[in-house]
Amino acid sequence: MAADLHLVDYGFWVNGVTRESGLPLSSVALDQTAPEIPKLSFLPLMQRRRLSSLGKIALSTLYPLFKQYAPAGDLDAAVVFASRWGDIALTVRSLEELSTEKSLSPTAFSTSVHNGIGGLFSLFTGFQGHVTSLAAAENTISAALTEAQALLSEFSLVFVCLYDDRTPEVFKPYHEKAQPPFAVSLVLTSDSSVTGAKGAWVRLTPGCAVDHSETLTDFLRFVDGEAPAFATRQATWRWRPTH
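The following paragraphs examine the structure supplied in this document. (Residues numbered from 1 in each chain as written. Predicted model: local features only at pLDDT ≥ 70, side-chain atom pairs only at ≥ 80, totals over all residues. Heavy atoms only, no water.)

**Some details on the side chain of T61**
Alright, step 1. Within the secondary structure layout, T61 lies in helix 2 (residues 53-69).
Alright, step 2. According to the relative accessible area criterion, T61 is buried, its value standing at 4%.
Alright, step 3. Within the local environment of T61, its side chain forms a polar contact with the backbone oxygen of A58, the two atoms lying 2.8 Å apart.
Alright, step 4. For T61, the side chain forms a polar contact with the side chain of S185, separated by 2.7 Å.
Alright, step 5. When sequence neighbours within four positions are dropped, the list of residues in contact with T61 reads G11, F12, W13, C161, A183, V184 and S185. (Helix = DSSP H or I, 4+ residues; strand = E, 2+ residues; numbered from the N terminus. Buried < 20%, exposed > 50% of the residue type's maximum accessible area, 1.4 Å probe, protein only. Polar contact = N/O pair within 3.5 Å; in protein donor to acceptor, adjacent residues only side chain to side chain. Contact = heavy atoms within 4.5 Å.)

The structure is reproduced here in structure tokens:
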């Protein structure tokens, strides 16, 4: 039987709003404004320059949590990067350069691949443990949680970084709902005795799931404890108090 997920900690950046702002996740506006990108003052300048805007957003939520809970690059931890579109802005830019027969930037290409941000994270932190990058279309959030649940049979902690950028105009016909750039990072364990571990996220069987696509708003309300469940086409995750 798969272990329950216990949320130890989390961080988020959604449309320029962070957890440090003190606002509940459900109050974050999901409009299409252009917020200021995180500065990442904790990274050296040369490392910051290698990151795209989306990479900065993702690492602004993951890096501090990783340094707090796995300060020595603990190999008894795993990291899951999950994004439906990846660094789509860089991909579109590269395709436009190719279509006009311009030379393709090797740096832009190397960081536009789906595991580009995960690779830079490993390089910057010196982490040589398990790192996974995945995409599952509209089911990406649920797939990331399922991956974390499986990894917790081998590792004591799993870090999950969910992120996506604003959808470029050319791809909007294939994206049901527009959303702002965002990143949500989670620290998960299967051990309820870990300091800070909150109530468990229990995965119900697919037969218990409702038939609708997962949304960022639904997930944010679930993480913040405002919603008792997060339902997707694949499964339903439900809060269960530890005590």
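**Side note on the nonpolar core**
Alright, step 1. Counting 32 residues, the largest nonpolar core has V160, L186, L188, W201 and F219 as the members making the most contacts within it.
Alright, step 2. Breaking this core down by element, the ones donating at least two residues are strand 1 (5-14), strand 3 (77-82), helix 6 (140-151), strand 5 (157-164), strand 6 (182-189) and helix 7 (216-223).
Alright, step 3. Every residue in contact with L188, bar those within four places of it in the chain, is listed here: L5, H6, L7, L145, A148, L152, S156, L157, V158, V160 and W201. (Core = buried A, V, L, I, M, F, W, Y, C linked by side-chain atoms within 4.5 Å.)

**As for the packing of aromatic side chains**
Alright, step 1. A full pass over the atoms with the stated rule returns 12 aromatic pairs.
Alright, step 2. For the pair F81 and F121, a centre-to-centre distance of 5.6 Å together with 65° between the ring planes defines the contact as edge-to-face. You can see F81 sitting in strand 3 and its partner F121 sitting in helix 5 (residues 116-125), a full 40 residues away along the chain. In this pair, the class of F81 matches that of F121, namely buried. (Phe/Tyr/Trp six-rings, centres within 6.5 Å; stacked < 30°, edge-to-face > 60°.)

**With respect to unusual backbone geometry**
Alright, step 1. A positive phi angle is found at L40, which is not glycine, with a value near 55°.
Alright, step 2. Here L40 shows up in the loop between strand 2 (17-18) and helix 1 (45-50).
Alright, step 3. Overall, L40 belongs to the buried group, its relative accessible area being 5%.
Alright, step 4. If you check the backbone angles, A137 has positive phi at about 50° while not being a glycine.
Alright, step 5. Tracing the sequence through the fold places A137 in the loop between strand 4 (130-134) and helix 6.

**Some points on the environment of K56**
Alright, step 1. Tracing the sequence through the fold places K56 in helix 2.
Alright, step 2. Spatially, the C-alpha atoms of K56 and K39 are 7.6 Å apart, while their sequence positions differ by 17 residues.
Alright, step 3. Setting aside anything within four residues of it in sequence, one finds K56 in contact with I37, P38, L40, R48 and L51.

**Details of the pattern of salt bridges**
Note on pairing: side chains with opposite charge can pair once their charged atoms come close.
Alright, step 1. If you walk through the whole model with that rule in mind, you get 2 salt bridges.
Alright, step 2. D9 serves as the salt-bridge partner of R19, at 2.6 Å between the closest nitrogen and oxygen. Residue R19 is found in the loop between strand 2 and helix 1, and its partner D9 is found in strand 1; the two are separated by 10 residues along the sequence.
Alright, step 3. Put simply, E36 and K39 hold a salt bridge, and the shortest N to O gap is 3.2 Å.
Alright, step 4. Its relative accessible area of 58% is what places E36 among the exposed residues. (Salt bridge = Lys/Arg side-chain N within 4 Å of Asp/Glu carboxyl O.)

**Side note on helix 3 (residues 88-99)**
Alright, step 1. Over its 12 residues, helix 3 runs 16 Å from end to end, which matches the ideal 16 Å to within 8%, given 1.5 Å per residue.
Alright, step 2. Burial in helix 3 covers these residues: I88, L90, V92 and S94.
Alright, step 3. Positive phi shows up at E101, right after helix 3, with a value of about 60°. (Expected span 1.5 Å × (residues − 1).)

**Focus on helix 5**
Alright, step 1. For helix 5, a buried count of 8 out of 10 residues is recorded, marking the element as mostly surrounded by other parts of the structure.
Alright, step 2. When we look at burial in helix 5, the residues that qualify are G116, I117, G118, L120, F121, S122, F124 and T125.
Alright, step 3. Just beyond helix 5, the residue with positive phi is G126, at close to 75°.

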